[in-house]
Amino acid sequence: MLTALLFVGPALSAEHRILMLNYGKDGSMVFEPGFLKAELGDTITFVPENSSHYVQSYAVPDGATPWKSKLDQPFTVTVDKEGVFLYYCPPHLMMSMIGVVQVGTAINLEAVTEKSAKLRSKIVMKNERLDNYLSRIVK
Ligand SMILES: [Cu+2]
């Protein structure tokens, strides 16, 4: 059993990249892609293509490890729990530099929706971006 898991593990897990950009296809101060569907065990690397960005998780599934990267440094996380991760770039939160990663099933959707309402009060520009990403969560 263990051997089988070790054998199939690497073949199934994907490596994703999310760029931290001053300008992307969703506008200025943006993660790209801002919504990502991943599977348990995948790795995600946040790549600071432009400077003055970092990433911090805001809502994570129960038991998941929160994220916090260093300014201007690439940051790799292996997603260790199923559910929705909502995150943002602290210096640009008010400009809607936020993102959503869904890992497997959105088991914590209710909690994320509740927390996102609190996050919304800190956003000054491009409020529709959060709704756009949340609407892409597969229920
Ligand atoms: Cu930023």
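A tally of regular secondary structure across the protein chain gives three helices and eight strands. Helices and strands in the protein chain line up, N terminus first, as α-β-β-β-β-β-β-β-β-α-α. For the protein chain, whose C-alpha radius of gyration is 15 Å, the value lies close to the compact-globule estimate of 14 Å for 139 residues. Overall size of the protein chain, expressed as C-alpha extent along the three principal axes, is 50 × 30 × 25 Å. Considering the protein chain as a whole, with its 139 residues, one finds that 45% of them fall into the buried category. Taking as baseline every contact in the protein chain between residues at least 6 positions apart, the subset at least 24 positions apart corresponds to 65%.

Leaving glycine aside, a negative phi is the common case for residues, and trans is the common case for peptide bonds. For the peptide bond that leads from Glu32 to Pro33, omega is 0°, which places it in the cis range. Notably, Lys126 is not glycine yet its phi reads approximately 55°, a positive angle. Along the chain, the position of Lys126 falls in the loop between α2 (109-120) and α3 (128-135).

A few words on the pattern of salt bridges. Opposite charge on two side chains makes pairing possible when the charged atoms of those side chains draw close. Overall, the coordinates contain two salt bridges when judged by the stated rule. The salt bridge partner of Glu39 is Lys37, with a shortest N-O separation of 3.3 Å. Taking the shortest distance from any N to any O, the salt bridge between Asp131 and Arg120 comes out at 3.0 Å. Here Asp131 is found in helix α3, whereas its partner Arg120 is found in helix α2, with eleven residues between them in sequence. Asp131 sits in the partly exposed class, given a relative accessible area of 37%.

For the rest of this paragraph, the subject is the packing of aromatic side chains. Counted according to the given criterion, the structure contains eight aromatic pairs. Taking 5.1 Å as the distance between ring centres and 75° as the angle between the ring planes, the aromatic pair formed by Phe46 and Tyr87 counts as edge-to-face. Here the residue Phe46 occupies a position in strand β4 (residues 43-48), and Tyr87 occupies one in strand β7 (residues 83-88), the gap between them amounting to 41 residues. A relative accessible area of 0% means that Tyr87 is categorised as buried. By way of ring pairs, the aromatic residues Phe31, Phe46, Trp67, Phe75, Phe85 and Tyr87 are connected into one cluster. Sitting over the face of the ring of Tyr58, Lys115 holds its NZ or CZ atom 4.5 Å from the ring centroid.

This part covers the coordination of the copper ion. At the metal site, the copper ion is ligated by His53 (ND1), Cys89 (SG), His92 (ND1) and Met97 (SD), and these contacts range over 2.0 to 2.5 Å. Here the copper ion is ringed by four donor atoms whose angles at the metal span 92 to 130°, and the overall shape comes out tetrahedral. Here the donor residues of the copper ion are spaced in sequence according to H-x35-C-x2-H-x4-M.

Parameters at a glance
- Residues numbered from 1 in each chain as written.
- Predicted model: local features only at pLDDT ≥ 70, side-chain atom pairs only at ≥ 80, totals over all residues.
- Heavy atoms only, no water.
- Helix = DSSP H or I, 4+ residues; strand = E, 2+ residues; numbered from the N terminus.
- Rg over C-alpha atoms; globule rule 2.2 N^0.38 Å.
- Buried < 20%, exposed > 50% of the residue type's maximum accessible area, 1.4 Å probe, protein only.
- Contact = heavy atoms within 4.5 Å.
- Salt bridge = Lys/Arg side-chain N within 4 Å of Asp/Glu carboxyl O.
- Phe/Tyr/Trp six-rings, centres within 6.5 Å; stacked < 30°, edge-to-face > 60°.
- Lys NZ or Arg CZ within 6 Å of the ring centre and 35° of its normal.
- Donors = N, O, S within 2.8 Å, 3.2 Å for Na, K, Ca; no water.
- Tetrahedral: all angles 85-135°; square planar, octahedral: opposite > 155°, others 65-115°.

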